Amino acid sequence: MPSFNRKRSGTLDKAIAFLKRHLLAIIVVVVFVAGIIATVMIVNRDEGHDNGDEGSISILQPASEVRLAMYEPSSFDPLASSDEDVVYLNNIIFSYLFRLDANLNIVPDIVESYIPNRETGSVELILRDGLTFSDGTAMNAYDVEFTIHKIRNVGPTSPYFNYISKISSVFVTGKNSLFIEFESPENAALDNLVFPIVSADTYNDMVFNIGGGPYKFEDYSEGKTLDLSPNERYYGEVPTVSVHIGIVKNKDILPGLTTMDDVTAYMSKASSADDIAIDKSLRCRYIPSGELEYLGFNCKNRFLSNSQVRFAISCAIDRDTIIKDDYANSCVVSDSLYYPGFMDVVDESAIKYDPKKSSEILASLGYVDTNEDKILEDEFGEPLTLTLIVSRESGNRRDAASTIAKNLNSIGINVEVIQLNQEELLTVLEAGSFDMYFVGMKIDKQFNISELFGEANFGKYYNETVMKLVGELEQCLSREEQKGVFTALKPLLNTDIPYFSIGYRTYSFVSVPSLAVKENPTFFDPYRDIQYWAWQKRVSQEE
């Protein structure tokens with residue numbers, strides 16, 4: 001033992017002497033090696049998303065399944081369940097006669113050809129040949145007839161009853177052909193034929209039903225998970241990835257689950273990423289919703305009865321600033337009152353922010369500031385003063401109304417903003433005791449806004465040509481005919497200005513950063529073309 005201690009002491013003395021002689025060189029080497037290690041760690045983190053587990057790194061690999069989340073529904077009955085998550089799933093499990101594309105154009109699904117009759121409000125349909133349900137049984141016109149009658153039996157609680165209620169009769173004219181007649185030629189648009197087709201032979205409102213869409217029900221654990229597998233009998237391109245759905249009790253946890261790759265993507269109706277506090281490493285796409293924010297005019301007002309005054313007012317409103325400052329960029333501008341890109345119709349006459357043009361129009365109409373109080377007067381010396389009513393219960397609209405007032409004040413129109421509660425606002429609107437109003441409107445995917453132009457519209461707007469064209473959009477027209485009608489309508493709306501669209505609120509489609517989609521999701525179909533989704537998940541790998 002003593003000899004061991006002496007040997008150790010001698011060795012330690014030599015080591016200390018060595019360190020003293022070579023201390024600087026050792027420090028340089030240590031720093032150099034530490035730099036290399038740090039660089040390797042950074043590269044691994046950037047390229048492989050280091051998961052923090054000691055001795056392992058994460059690499060990205062193509063995923064074989066898409067992961068979603070949903071609430072436990074009250075029912076999976078595709079015709080009766082009004083659960084939003086079930087309605088979304090119906091789009092990928094069942095076939096439809098028609099679907100709506102991202103611009104709300106009708107697109108045939110199982111329909112091969114069709115002949116609409118706008119005069120009688122009817123349509124002849126020819127279905128594709130060789131259609132089958134996911135169990136291999138044939139899908140034909142009798143299944144369509146059965147589905148329509150079944151939805152009618154379910155009644156108003158069905159999310160599709162509003163569409164079916166417009167149909168008066170269905171006649172099967174052949175195995176793959178049928179004739180549908182609507183109650184009224186004025187309310188017979190083909191976008192009413194957007195409902196899931198179920199099997200007349202096997203439909204059961206108590207169990208999962210077979211469909212003809214790209215996916216089929218595979219496995220279900222109540223309150224836990226739902227699995228969908230590719231439908232190998234789908235008439236289109238068969239998916240290559242499956243769908244795994246986790247059932248959650250609170251969707252507030254979805255950002256965290258997406259960060260961990262437990263959820264591939266989800267849609268939030270929160271206006272912006274800030275509202276849902278998502279992890280900044282996730283990807284967020286903003287989707288125009290069906291929620292319109294717009295300015296309405298009282299067309300009986302002595303000033304606003306002139307469409308040129310309404311046009312001048314519209315040109316003076318800075319929508320980009322309103323959306324940026326008052327809506328925190330959670331809106332998108334539309335070039336008409338209708339949905340952004342509606343029916344793919346481009347209109348060069350779309351209203352643009354141009355206060356100089358507004359002033360020129362008002363001057364040409366004889367409005368001048370004779371007493372230099374910065375308020376324009378008409379030929380009778382009456383100051384151009386208007387009221388703008390808005391709900392005090394909506395912060396975004398209150399702020400936007402204030403911005404609108406400032407925009408108009410800058411061109412010599414004196415605007416007083418009056419804030420009312422919802423009940424007061426409706427009372428004033430119905431009485432017509434206002435000049436302008438700023439409100440919102442939630443629109444179904446069918447996009448019927450004819451109530452804004454009917455006899456009961458708050459602003460008492462009347463233009464026979466405009467009302468005729470708006471009505472024609474609800475008639476039984478082909479896609480091309482419908483587009484032709486809107487092509488004629490859109491420039492009229494942008495010159496007559498019964499309403500001025502500020503924008504459409506946006507929803508947030510949040511996903512893992514690597515998700516690639518073929519078609520952007522929509523507010524009514526967040527899983528659009530899910531069979532083509534591709535993403536890479538993080539997989540741990542030992543170093």
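Computed from a predicted structure; not experimentally measured.

### Details of the overall build of the protein chain
Here comes step 1: When its secondary structure is counted, the protein chain shows 13 helices and 21 strands.
Here comes step 2: Carbon together with sulfur atoms contributes 52% to the accessible area of the protein chain, which is approximately 25800 Å² in total.

### Remarks on the side chain of Asp-227
Here comes step 1: Looking at where Asp-227 falls in the secondary structure, it is placed in strand 12 (residues 225–230).
Here comes step 2: Only 2.6 Å separates the side chain of Asp-227 from the side chain of His-244, close enough to count as a polar contact.
Here comes step 3: Contacts of Asp-227, omitting those with residues within four sequence positions, involve Lys-216, Phe-217, Glu-218, Asp-219, Val-243 and His-244.

### Looking at the packing of aromatic side chains
Here comes step 1: A complete count under the given rule lists 29 aromatic pairs for this structure.
Here comes step 2: A ring pair is formed by Phe-523 and Phe-524, whose centres lie 5.1 Å apart and whose planes are at 85°; its orientation type is edge-to-face.
Here comes step 3: Taken together through their ring pairs, the aromatic side chains of Tyr-338, Tyr-339, Phe-342, Phe-447, Phe-486, Tyr-504, Phe-523 and Phe-524 make up a single cluster.
Here comes step 4: Directly above the aromatic system of Tyr-532 lies the positively charged group of Lys-518, at a separation of 4.2 Å from the ring centroid.

### Side note on the environment of Ser-242
Here comes step 1: Along the chain, Ser-242 turns up in strand 13 (residues 242–248).
Here comes step 2: As a C-alpha pair, Ser-242 and Lys-216 span 26 residues in sequence and 9.6 Å in three-dimensional space.
Here comes step 3: If near-sequence neighbours (up to four positions away) are discounted, Ser-242 is found in contact with Ser-64, Glu-65, Val-66, Tyr-215, Leu-228 and Pro-230.

### Here we look at the confidence of the model for the protein chain
Here comes step 1: Summarising the model, the protein chain shows a mean pLDDT of 88, and 87% of its residues fall at 70 or more.
Here comes step 2: In the predicted structure, residues 1–53 sits below a pLDDT of 50 and forms 20 contacts with residues beyond four places in sequence or in another chain.

### What to know about the pairing of strand 18 (residues 414–420)
Here comes step 1: Two elements, strand 17 (residues 385–391) and strand 18, share seven bridges in a ladder whose sense is parallel. Pairing of Thr-387 across the sheet is with Glu-416, part of strand 18.
Here comes step 2: Remark: the strand 17/helix 10 (residues 395–409)/strand 18 crossover connection has right-handed handedness.

### A word on helix 2 (residues 84–93)
Here comes step 1: Extensive coverage of helix 2 is indicated by the burial of nine of its 10 residues.
Here comes step 2: Within helix 2, the full set of buried residues consists of Asp-85, Val-86, Val-87, Tyr-88, Leu-89, Asn-90, Asn-91, Ile-92 and Ile-93.

### Structural notes on the nonpolar core
Here comes step 1: Counting residues in hydrophobic clusters, the biggest one holds 106 residues, and the most contacted among them are Leu-97, Ile-180 and Leu-193.
Here comes step 2: The greatest single-element share of this core, amounting to six residues, is contributed by helix 2.
Here comes step 3: Leaving out residues up to four positions away in the same chain, Ile-180 has contacts with Leu-97, Gly-121, Ser-122, Val-123, Leu-125, Ile-148, Ile-167, Ser-169, Val-170 and Leu-193.
Here comes step 4: Leu-295, Ile-322, Tyr-327 and Val-415 belong to the second-largest nonpolar core, a separate cluster that totals 37 residues.

### Points about unusual backbone geometry
Here comes step 1: Phi angles above zero are rare outside glycine, and Glu-372 is one such case at about 55°.
Here comes step 2: Locating Glu-372 in the fold gives a position in the loop between helix 9 (355–364) and strand 17.
Here comes step 3: On the basis of relative accessibility, which here comes to 70%, the residue Glu-372 falls in the exposed class.
Here comes step 4: A positive phi is found at Asp-529, a non-glycine position, where the angle reads about 55°.
Here comes step 5: Position of Asp-529 among the secondary structure elements: in the loop between strand 20 (499–511) and strand 21 (536–542).
Here comes step 6: Asp-529 sits in the partly exposed class, given a relative accessible area of 23%.

### With respect to the sheet that holds strand 11 (residues 215–221)
Here comes step 1: As summarised here, the arrangement of the four strands in space is 2-13-12-11, forming an open sheet in which the pairing is mixed. The open sheet has two free edges, formed respectively by strand 2 (65–71) and strand 11, since each of these has just one partner strand. The mean inter-strand angle of the sheet, taken between neighbouring strand axes irrespective of direction, is 25°.
Here comes step 2: Bridge analysis of strand 12 against strand 13 gives four bridges, and the strand direction is antiparallel. Paired with Leu-228 across the strands is Val-243, a residue of strand 13.
Here comes step 3: This element, helix 2, spans strand 2, strand 11, strand 12 and strand 13 of the sheet and lies at about 15° to strand 12.

### Remarks on the sheet that holds strand 7 (residues 122–127)
Here comes step 1: Here four strands make up an open sheet; going across it, the order is 6-7-9-8 and the pairing antiparallel. Two strands bound the open sheet, and with one partner strand each, they are strand 6 (111–117) and strand 8 (167–174). The mean angle between the axes of side-by-side strands here comes to 15°, regardless of whether they run parallel or antiparallel.
Here comes step 2: Sheet strands in contact with helix 3 (residues 141–154) are strand 7, strand 8 and strand 9 (177–182), and its direction is about 160° off that of strand 8.

### Some points on the pattern of salt bridges
Here comes step 1: Summed over the entire model, instances satisfying the criterion amount to 17 salt bridges.
Here comes step 2: Between Asp-325 and Lys-324 there is a salt bridge, and its shortest N-O distance comes to 3.5 Å.
Here comes step 3: A network of salt bridges, in which partner residues are shared, links Asp-101, Asp-344 and Arg-479.

Cut-off values and rules
Residue positions within a chain follow its written sequence, with the count starting from 1. In view of the model being predicted, local features appear only for residues whose pLDDT reaches at least 70, and side-chain atom pairs are presented and counted only at 80 or more, with totals across whole chains, interfaces and linings using the full set of residues. Side-chain calculation: all heavy atoms of the structure are included, whereas hydrogens and water are not. Helix and strand labels come from DSSP, where a helix needs a run of H or I of at least four residues and a strand needs a run of E of at least two; each type is numbered from the N terminus. Using a 1.4 Å probe, the Shrake-Rupley method yields the accessible areas, and only the shown protein chains count as cover for residues. Polar contact is the term for a pair of N or O atoms within 3.5 Å; when the atoms are in protein, one must be able to donate a hydrogen and the other to accept it, and sequence-neighboring residues count only if both atoms are side-chain atoms. Pairs of residues are marked as contacts when any of their non-hydrogen atoms sit within 4.5 Å. Here is the rule: rings of Phe, Tyr and Trp (six-membered ring for Trp) pair when centre to centre is within 6.5 Å. Planes less than 30 degrees apart are stacked, more than 60 are edge-to-face, and the remainder are tilted. Two conditions define a charge sitting above a ring: the NZ of Lys or the CZ of Arg must be within 6 Å of the ring centre, and it must be within 35 degrees of the ring normal. pLDDT: the predictor's confidence for each residue, scored from 0 to 100. Two strands are said to pair when DSSP picks up at least two bridges between them. For a crossover, the right-handed case is the one in which the path from the first strand over the helix to the second runs clockwise, viewed with the strands pointing away from the viewer. We call a residue buried when its accessible area falls under 20% of the maximum for its residue type, exposed when it is over 50%, and partly exposed in between, using a 1.4 Å probe and counting protein chains only. What is meant by a nonpolar core is a set of buried Ala, Val, Leu, Ile, Met, Phe, Trp, Tyr and Cys residues, joined one to another through side-chain atoms within 4.5 Å. Angular values range over 0 to 180 degrees, each being the angle between N-to-C directions of two axes fitted as lines to C-alpha atoms, with helices fitted over their stretch in contact. Each salt bridge in this description consists of a side-chain nitrogen of Lys or Arg and a carboxyl oxygen of Asp or Glu lying within 4 Å of one another.

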